[in-house]
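Structure at a glance
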Amino acid sequence: MTKFISNLKKYRLFNELTQEELAIKVNVRRETIARLENAKYNPSLELAVRISRELNTPIEELFIFEF
């Protein structure tokens, strides 16, 4: 089973964004950001790229998948 670890909250706070602000910037609902931060939802590649670009952080630092 793959383990999903999210560092999204750390980087979102570093960029001084609320969940709502980030959600608007990447065109998703606030709840999606909350679920990503709590590792309850695996992002699509497209969403991971949009978040990565918005936070100016490599995808590999935001989301970690341990196999």
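Structure's up top.
Throughout what follows, the structure given in this document is the object of discussion. Given the structure is predicted, the values throughout are model-derived calculations rather than measurements.

Comments concerning the packing of helix H2 (residues 19-26) against helix H3 (residues 30-37)
Two packed helices can be described by the angle between their axes and the distance between those axes. Across the interface, H2 lies against H3 with an axial gap of 8 Å and an inter-helix angle of 110°. Classified by the interaxial angle, the pair formed by H2 and H3 is roughly perpendicular. Taken together, the residues of H3 that come into contact with H2 (itself represented by Gln-19, Glu-20, Leu-22, Ala-23 and Val-26) are Arg-30, Ile-33, Ala-34 and Glu-37. For the contact of H2 with H3, the per-class residue count stands at five nonpolar, one polar and three charged.

Looking at the pattern of salt bridges
Taken as a whole, this structure holds five salt bridges when the rule is applied. Across the salt bridge formed by Arg-12 and Glu-37, the nearest N and O atoms sit 2.4 Å from each other. Residue Arg-12 is located in helix H1 (residues 8-14), and its partner Glu-37 is located in helix H3; the two are separated by 25 residues in the primary sequence. Residues Glu-31 and Arg-30 are paired through a salt bridge, measuring 3.7 Å at the closest nitrogen-oxygen approach. What makes Glu-31 partly exposed here is its relative accessible area of 35%. Arg-30 sits in the partly exposed class, given a relative accessible area of 32%.

A few points about H2
Since the α-helix advances by 3.6 residues per turn, residues separated by three or four positions end up pointing in the same direction. Restricting attention to buried positions, one finds in H2 the residues Gln-19, Leu-22, Ala-23 and Val-26. In an axial view of H2, the angular spread of the buried residues amounts to 100°, which keeps them on one side of the axis. Turning to H2, the residues buried within the fold contact H1, H3 and helix H4 (45-55).

Rules and cut-offs
Residues numbered from 1 in each chain as written. Predicted model: local features only at pLDDT ≥ 70, side-chain atom pairs only at ≥ 80, totals over all residues. Heavy atoms only, no water. Axes fitted to C-alpha atoms, helices over the stretch in contact; angles between N-to-C directions. Helix = DSSP H or I, 4+ residues; strand = E, 2+ residues; numbered from the N terminus. Parallel < 35°, antiparallel > 145°, perpendicular 65-115°, else oblique. Contact = heavy atoms within 4.5 Å. Nonpolar A, V, L, I, M, F, W, Y, C, P; charged D, E, K, R; others polar. Salt bridge = Lys/Arg side-chain N within 4 Å of Asp/Glu carboxyl O. Buried < 20%, exposed > 50% of the residue type's maximum accessible area, 1.4 Å probe, protein only. Arc of directions from axis to C-beta.

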